[in-house]
2 protein chains.
Amino acid sequence: MRIGELGEFALIARIARILKAPAPRKGIVQGIGDDAAVFHAGRSPQVLTVDALTEGIHFDFRYTDAESLGWKALAVNLSDVAAMGASPQFALVALSLPRHAVVDEVLRLAEGIRRCGKTFDTAVIGGNVSRSQSVWSVTVTVSGECRNGRPLLRSGARAGDIVCVTGRLGLSCTGLTALKKELAGFERAKRRHRRPVPRLAWIHELLRHDVRIHACIDVSDGLSSDLAHLCEASRLGALVDLGRLPIESGTRKAAALCRCNPYRWALDGGEDYELLMTMSQAEYLKAKRILGAQLTAIGTMIGRRTILGVWPDGSTRPLKAGGYRHF
Amino acid sequence: MRIGELGEFALIARIARILKAPAPRKGIVQGIGDDAAVFHAGRSPQVLTVDALTEGIHFDFRYTDAESLGWKALAVNLSDVAAMGASPQFALVALSLPRHAVVDEVLRLAEGIRRCGKTFDTAVIGGNVSRSQSVWSVTVTVSGECRNGRPLLRSGARAGDIVCVTGRLGLSCTGLTALKKELAGFERAKRRHRRPVPRLAWIHELLRHDVRIHACIDVSDGLSSDLAHLCEASRLGALVDLGRLPIESGTRKAAALCRCNPYRWALDGGEDYELLMTMSQAEYLKAKRILGAQLTAIGTMIGRRTILGVWPDGSTRPLKAGGYRHF
């Protein structure tokens, strides 16, 4: 069987079954299966995460530039660190480049990484450069620590929790679509697609105010997929009020221009790098006071292991995980 | 200018200039420029390293199998950890696979990683799977700690130090050549090429006996290149007695069959994953008593910043760094 037939998540599950340490190793807090791995070392739990961006798969130089690519390659990892409630510290950068790559472009990529690292207090301390046959690929590893002592896992949600999300959904998809269809305007969306903002400041603000977050994941594949990951890890389901999804007017406008459904962009678009969290009603109110319009309650965790979407017309249908699939 | 014109090490130097933290960040012991990065976290210094193996560049499925590839992808990182005098702890695995990859082959790759991890006490705690357009690529990150408190850097060599190397040189190149030319036999060399052995046990044995190693690097690019890296980091030169290079009879035999110079294989072959170290004469004698035939003195560090090779015929010529170059 080819991996294209098995599918991405089934493949990961089978790999994980082989690689999971036979006996739980001392010090591992969270192994394969969350936004980042967590282990004990010294004072506070350490997190470690890796993500790759490959030309032709994750990006296309027709729609981005080398500096933005560098920013994004680090930012998507910082988003995973944010989803653990951790603070990033160090990064390693593994570059795979074709021989014909232009030196100045590679240095612009490095500049993008540097800027993102400077903005989010992450130092690049090592890496690797090797040749590829034809396309660029950037694989970044980030280490960090949970300064508040406890990582936010996908698996901690409880039935009755409020499901909430930061920022706006579908904005990255809006930007990419506007770039592909050469729509004028939509600058904020285009920029968000090229240079996503990891929500480190917001999650740390919540943790600083002792908001008790039960579960957290970043929205990288798409809300529908990432909520499914959170539900599966927590062995619960969810009811999502689609009418409450935080969708910008720009997204609605671009979707109308393209005759697309803006809800599908918000659900399946992916690459928003917002944080999807669950918490009790009381903690949500506290969080809402802190983040204001940047936090939106979109549903409730339920005991039944199914994810239901309530559409604005009142119809309720199972919400299929429909985000990006590699295979 | 294309990176093919600039060259691998000049490119790395230019990237490093951009990425190096403007102010030395608290906690960084060794940033870009050694086998692994080192930083302080908790009790002992932590190391972090990353390496990628890409199909068509680093390996070819005509000469290796998926399980060996998995082993090697982890082992080459463990070799970097060994070169720091550290102990590996955790690994992240980022796989990039074409849609047509066969599931069972991917699982065999995972099995190879698992076996190598089990052998060298390293737990895989996370990773990433994404699609590639056509070739396989495996990028492994390994974290570890310097239990003896101090990492072994490339930069600590002193003039007058003995230069010594573990194991045999040119064995991996012998194996690859035997595979390519379909030479029967040479099984040990072929296996060594496919499944290199990180020298963790040997370096820890030396450290356990308090052998004071001034500088250390693993031989991945090739002795001539890696000695040049060590000399550059230490701002010294070296005199290498080529007649003393630890070359197996199998390597000499295969080289004779192919009308090749076995010294070139030992100098430039690369992928031996042995350790190249420098230490005082007294410490070398101590180390030699511990490792016996597995340690060979091959030269001396000199104050003049040049690397000279003394050939078996008595002629002395500058030793050009001739190992593998990506660009």
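So, here is what we can say about the structure in this document.

### Here's the deal with the overall build of chain A
Then comes step 1: When helices and strands are counted, chain A shows 11 helices and 13 strands.
Then comes step 2: Against the 2.2 N^0.38 benchmark of 20 Å for 327 residues, chain A shows a C-alpha radius of gyration of 19 Å, consistent with a compact globule.
Then comes step 3: Projected onto the principal axes, the alpha-carbon positions of chain A cover approximately 55 × 55 × 45 Å.
Then comes step 4: The buried share of chain A, taken over its 327 residues, is 62%.
Then comes step 5: Long-range pairs, those at least 24 residues apart, make up 81% of the contacts in chain A with a sequence separation of at least 6.
Then comes step 6: Total accessible area on chain A stands at roughly 12700 Å², and carbon and sulfur atoms take up 49% of it.
Then comes step 7: Charged side chains in chain A number 45 positive and 32 negative. The centres of these two groups are separated by 3 Å.

### Remarks on the pairing of strand S9 (residues 237-241) of chain B
If a strand is regular, its side chains alternate between the two faces of the sheet.
Residue and element names in this part refer to chain B.
Then comes step 1: Bridge count for S9 against strand S11 (residues 295-302) is 4 bridges, and the pairing is antiparallel. By the bridge assignment for S11, Val240 is matched with Gly299.
Then comes step 2: Pairing between S9 and strand S12 (residues 307-310): 4 bridges, direction parallel. What sits directly across from Leu239, in S12, is Leu308.

### Quick look at the pattern of salt bridges
Then comes step 1: Counting across every chain of the model gives 38 salt bridges over all chains.
Then comes step 2: Salt-bridge contacts for A:Lys286 lead to A:Glu283; the nearest nitrogen and oxygen are separated by 3.9 Å. Taken together, the residues A:Lys286 and A:Glu283, both in helix H11 (residues 281-291) and 3 residues apart, mark about one turn of the helix.
Then comes step 3: What makes A:Lys286 partly exposed here is its relative accessible area of 26%.
Then comes step 4: Overall, the relative accessible area of 8% leaves A:Glu283 in the buried class.
Then comes step 5: As a salt-bridge pair, B:Asp65 and B:Arg195 come within 3.8 Å of each other at their nearest N and O atoms.

### A word on the packing of aromatic side chains
Residue and element names in this part refer to chain A.
Then comes step 1: Across all of its chains, the model carries 10 aromatic pairs over all chains by this definition.
Then comes step 2: Look at Tyr263 and Trp311: their rings are 5.9 Å apart centre to centre, the planes differ by 70°, and that puts the pair in the edge-to-face class. Here Tyr263 is found in helix H10 (residues 262-268), whereas its partner Trp311 is found in the loop between strand S12 (307-310) and strand S13 (316-318), with 48 residues between them in sequence.
Then comes step 3: Taking the relative accessible area as the measure of exposure, Trp311 reaches 12% and is therefore buried.
Then comes step 4: In this structure an aromatic cluster arises from ring pairing among Phe59, Phe61 and Trp136.

### As for the relation of the copies chain A and chain B
In this arrangement, two copies of a chain are superimposed by a rotation about an axis accompanied by a shift along the axis.
Then comes step 1: Taken as rigid bodies, chain A and chain B are interconverted by a rotation of 180° and an axial shift of 0.0 Å, the fit giving an RMSD of 0.0 Å. The transformation relating the two chain copies, once decomposed into turn and shift, fits a two-fold axis. In terms of C-alpha distance to the rotation axis, chain A has A:Gly42 as its closest residue, with the C-alpha 1.8 Å off the axis.
Then comes step 2: Looking at chain A, 100% of its interface residues are interface residues in chain B too, so the copies touch through the same face.

### Quick word on the sheet that holds strand S11 (residues 295-302) of chain A
Residues and elements named next belong to chain A.
Then comes step 1: In spatial order, the strands read S8-S10-S7-S11-S9-S12-S13; together these 7 strands make up an open sheet with mixed pairing. The open sheet has two free edges, formed respectively by strand S8 (215-218) and S13, since each of these has just one partner strand. Neighbouring strand axes in the sheet, compared pairwise and without regard to direction, differ in orientation by 25° on average.
Then comes step 2: With 5 bridges connecting them, strand S7 (residues 162-166) and S11 associate as antiparallel partners. Directly across from Val163, in S11, lies its bridge partner Gly299.
Then comes step 3: Here helix H3 (residues 66-83) sits on the sheet in contact with S8 and strand S10 (275-279), set at roughly 175° to S8.

### A few points about the side chain of A:Thr278
All names here are of chain A.
Then comes step 1: Within the fold, Thr278 resides in strand S10.
Then comes step 2: Taking the relative accessible area as the measure of exposure, Thr278 reaches 1% and is therefore buried.
Then comes step 3: A distance of 2.7 Å separates polar atoms of two side chains, one belonging to Thr278 and the other to Asp161.
Then comes step 4: Dropping the residues within four chain positions of it, Thr278 is found in contact with Ala157, Arg158, Asp161, Ile162, Val163, Ile213, His214, Ala215, Leu230 and Met301.

### Concerning the side chain of B:Thr54
Then comes step 1: In this structure, B:Thr54 sits in strand S3 (residues 45-54).
Then comes step 2: On the accessibility criterion, B:Thr54 (5% relative accessible area) is buried.
Then comes step 3: Not counting chain neighbours up to four residues away, the residues in contact with B:Thr54 comprise A:Ser96, B:Phe59, B:Val135, B:Trp136 and B:Ser137.

### Here we look at helix H11 (residues 281-291) of chain B
Residues and elements named next belong to chain B.
Then comes step 1: Buried within H11 we find Glu283, Tyr284, Ala287 and Leu291. Mapping the buried residues of H11 onto a view down its axis gives an arc of 100°, with all of them on the same face. Turned more than 90 degrees off the buried face of H11, the exposed positions are Ala282 and Arg289.
Then comes step 2: Here the buried face of H11 lies against strand S7 (162-166), helix H7 (200-208), strand S10 (275-279) and S11.
Then comes step 3: Of the residues flanking the end of H11, it is Gly292, one or two places downstream, whose phi is positive at about 60°.

### So, the sheet that holds S9(B)
Strand pairing in a sheet is mediated by backbone hydrogen bonds. Such pairs are either parallel or antiparallel.
Residues and elements named next belong to chain B.
Then comes step 1: The strand order across the open sheet formed by 7 strands is S8-S10-S7-S11-S9-S12-S13, and the pairing between neighbours is mixed. Looking at which strands have only one partner, the edges of the open sheet turn out to be strand S8 (215-218) and strand S13 (316-318). Across the sheet, the mean angle separating the axes of adjacent strands is 25° when strand polarity is ignored.
Then comes step 2: Sheet topology places S7 next to S10; 4 bridges connect them, and they run antiparallel. Bridging from a neighbouring strand, Val163 pairs with Thr278 of S10.
Then comes step 3: Along the sheet, helix H3 (residues 66-83) makes contact with S8 and S10, crossing S8 at roughly 175°.

The rules behind these values
- Residues numbered from 1 in each chain as written.
- Chains lettered and ligands numbered in written order.
- Predicted model: local features only at pLDDT ≥ 70, side-chain atom pairs only at ≥ 80, totals over all residues.
- Heavy atoms only, no water.
- Helix = DSSP H or I, 4+ residues; strand = E, 2+ residues; numbered from the N terminus.
- Rg over C-alpha atoms; globule rule 2.2 N^0.38 Å.
- Buried < 20%, exposed > 50% of the residue type's maximum accessible area, 1.4 Å probe, protein only.
- Contact = heavy atoms within 4.5 Å.
- Areas by Shrake-Rupley, 256 points an atom, 1.4 Å probe, with all protein chains shown as cover.
- Lys, Arg positive; Asp, Glu negative; His and termini not counted.
- Charge placed at Lys NZ, Arg CZ, Asp CG, Glu CD.
- Pairing = 2+ DSSP bridges.
- Salt bridge = Lys/Arg side-chain N within 4 Å of Asp/Glu carboxyl O.
- Phe/Tyr/Trp six-rings, centres within 6.5 Å; stacked < 30°, edge-to-face > 60°.
- Least-squares fit on C-alpha atoms with pLDDT ≥ 70 in both.
- Axes fitted to C-alpha atoms, helices over the stretch in contact; angles between N-to-C directions.
- Polar contact = N/O pair within 3.5 Å; in protein donor to acceptor, adjacent residues only side chain to side chain.
- Arc of directions from axis to C-beta.

These results come straight from atomic positions and should not be treated as a statement about function.
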